[in-house]
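Residue strings, one per chain:
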Amino acid sequence: MNIAATYQNIAVILPLSGKQERAGKVAQQGILAAYDNNNEKNLYFIDSTTLDMATLPAKFSELNIDYVIGPLLKENVSLYLAQTEVTIPTLLLNLPAAATLMPHQVALSMRPEDEALQAATTLSRQHYQQPLILSHQDKASRRIAKTFSQQWQHISGNAPELVFFNRDAQMQNQLKASLGVNLSQQRTKGLNRHVKYAIKNELRSRRDIDMIYVVGLPLETKLLKTYIDVNISPFADLIPVYASSRSHSSKIDSSDMRDLSGLVFTEMPWQLNSNQQNKALVAQAKLLWPNRSDSLQTIFAMGYDSLALVDKISAMQSKTYVRHYGQTGILQLGDDNILKRSLIWGKYSRSKVEEIAID
């Protein structure tokens, strides 16, 4: 039995002018790319920058709107939800600041914290006991790192060691301290002061760390991964290094791949050569927008998924096992009417980046 609803006239509320025009138009391009596959619907794009939200009930009635996608910006989501007269089914493209969603309202979550929850849950099942979290100091990285740490402690009962670093001359010293390499150096210096001949000694890293989770941008992760590879004791087992999607970029070159070799990370299908990726659309998008940033790639993929979700959300509300395998990830609707994503896993090798499976 097909329980998916079919909607005909869809209003899409995006910032199509002003400071956020670029983000709005990229989301619009993603929606139009999906529309090419399903052009039986009528799309009405509304510029949220010039929109008076109080006029929406009349506008929707005039256009016979039966579904709404958007708004995209968080502040506009709050203004939209304040229009209690609007009871049309809606897919919000951002999370509400505080309001509880009504049954006809669904929000798509693109929070970076969600992938930290997924990574901690998945990796805690891999029999690791003593993870070390290395995170850059910026606000987004700190949120991801703290969420990973809290989820790990919630599952295992043990709090991981969490080290924040800055991308400067102190970065290598911070890493050496967290790996215990500096203590090995101090022990060697102490022995050399008490014996006649200099001691040749292999520096030894800590043995209690069995996994490292990195939160940082690609350049920061590249520097960290190089330091980790150099500073791990040759007598110790290789410590696996995992990372969030912030560490990956579709614009990496061959030298980056060599330096990042062995790194495992979470990523959305749109940004990783994978079974779930729409390869034809990715190729077309690269031709049209070769210099598009990773953050805008995410918005494009979200726009693409949103149109496909319109006719599927009713089925997701009726049957909790229904998933949407989209370009932003595997989407599942929670009891709070928020669509949360599960990402796929990728791994750097010396010559390529490939999808891998982690049970």
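A.B. asks: Can you walk me through the sheet that holds strand 11 (residues 324-325) in this structure?
C.D. replies: The strands that make up a sheet pair up through hydrogen bonds in the backbone, lying either parallel or antiparallel. In space, the 8 strands of this open sheet follow the order 2-1-3-4-5-13-12-11, with mixed pairing throughout. One side of each edge strand has no neighbouring strand; the edge strands of this open sheet are strand 2 (42-47) and strand 11. Taken together, the 2 bridges between strand 11 and strand 12 (residues 330-333) define a ladder with antiparallel strand orientation. Bridging across to strand 12, Tyr 325 finds its partner in Ile 330. In the packing of helix 11 (residues 294-310) onto the sheet, the strands contacted are strand 1 (9-14), strand 2, strand 3 (67-69), strand 4 (90-92), strand 5 (105-108), strand 11, strand 12 and strand 13 (338-342), and the crossing angle to strand 3 comes to about 165 degrees.

A.B. asks: Mind showing me how you'd approach the packing of aromatic side chains here?
C.D. replies: The way to describe two aromatic rings as a pair is by their centre distance and the angle between their planes. Under the counting rule described, the total for this entry stands at 8 aromatic pairs. On the basis of an interplanar angle of 35 degrees and a centroid distance of 5.2 Å, the ring pair of Trp 270 and Phe 300 is categorised as tilted. Highlighted residues: Trp 270 in the loop between strand 10 (264-267) and helix 10 (279-288) and Phe 300 in helix 11, separated in sequence by 30 residues. For Trp 270, a relative accessible area of 3% gives the class buried. Overall, Phe 300 belongs to the buried group, its relative accessible area being 1%. Taken together, the ring pairs in this structure connect Tyr 128, Tyr 242 and Trp 345 into an aromatic cluster. One Lys or Arg, Arg 142, reaches over the ring of Phe 164 and ends 4.0 Å from the middle of that ring.

A.B. asks: Quick question: what am I supposed to make of the nonpolar core here?
C.D. replies: Inside soluble globular proteins, nonpolar side chains tend to come together where they are buried. Residues Ile 69, Leu 91 and Leu 339 are the most contacted members of the largest nonpolar core, which totals 41 residues. Within the residue set of this core, elements represented by two or more residues are strand 1, helix 1 (21-35), strand 3, strand 5, helix 10, helix 11, helix 12 (313-318) and strand 12. It is helix 11 that contributes the most residues to this core, 9 residues altogether. Those residues within four positions of Leu 339 in sequence are excluded, and the remaining contacts are Leu 91, Val 106, Ala 107, Leu 108, Ser 109, Leu 309, Ile 313, Met 316, Leu 331, Gln 332 and Leu 333. Counting residues in each nonpolar core, the second largest holds 21 residues, with Leu 132, Val 241, Leu 260 and Val 353 among its members.

A.B. asks: Teacher, can you tell me more about the side chain of Asn 337 here?
C.D. replies: Of note, Asn 337 is situated in the loop between strand 12 and strand 13. Note on Asn 337: relative accessible area 11%, which makes it buried. From its side chain, Asn 337 meets the backbone oxygen of Pro 103 in a polar contact 3.3 Å long. Only 2.8 Å separates the side chain of Asn 337 from the backbone oxygen of Gln 105, close enough to count as a polar contact. For Asn 337, the contacting residues outside a window of four places in its chain are Leu 101, Met 102, Pro 103, Gln 105, Val 106, Ala 107 and Gln 317.

A.B. asks: Can you walk me through the layout of surface pockets in this structure?
C.D. replies: Rolled over the atoms, a probe with the dimensions of a water molecule shows which regions are left empty. In this structure, the largest pocket spans a volume of roughly 900 Å³. Considering the residues around the largest pocket, the lining is formed by 33 residues, among which Met 110, Pro 112, Ser 295, Thr 298 and Arg 341 are closest to the centre. Counting only elements with at least two residues in the lining of the largest pocket, the list comes to helix 3 (74-81), helix 4 (112-124), helix 5 (139-156) and helix 11. For the lining of the largest pocket, the class distribution of residues is 17 nonpolar, 6 polar and 10 charged.

A.B. asks: I tried to follow unusual backbone geometry on my own but got confused; where do I start?
C.D. replies: A negative phi angle is the norm for most residues apart from glycine, just as the trans form is the norm for most peptide bonds. Between Gly 70 and Pro 71 the backbone carries a cis peptide bond, its omega angle lying at 0 degrees. By the secondary structure assignment, Pro 71 is in the loop between strand 3 and helix 3. The residue Asn 337 is not glycine, and still its phi comes out positive at about 65 degrees.

Scoring rules and cut-offs
Residues numbered from 1 in each chain as written. Predicted model: local features only at pLDDT ≥ 70, side-chain atom pairs only at ≥ 80, totals over all residues. Heavy atoms only, no water. Pairing = 2+ DSSP bridges. Helix = DSSP H or I, 4+ residues; strand = E, 2+ residues; numbered from the N terminus. Contact = heavy atoms within 4.5 Å. Axes fitted to C-alpha atoms, helices over the stretch in contact; angles between N-to-C directions. Phe/Tyr/Trp six-rings, centres within 6.5 Å; stacked < 30°, edge-to-face > 60°. Buried < 20%, exposed > 50% of the residue type's maximum accessible area, 1.4 Å probe, protein only. Lys NZ or Arg CZ within 6 Å of the ring centre and 35° of its normal. Core = buried A, V, L, I, M, F, W, Y, C linked by side-chain atoms within 4.5 Å. Polar contact = N/O pair within 3.5 Å; in protein donor to acceptor, adjacent residues only side chain to side chain. 1 Å grid on protein atoms, 1.4 Å probe; cavity = no way out; pocket = protein on both sides within 12 Å on 5 of 7 lines; lining within 4 Å. Points joined across faces, edges and corners; volume = space filled by probe spheres on them. Nonpolar A, V, L, I, M, F, W, Y, C, P; charged D, E, K, R; others polar.

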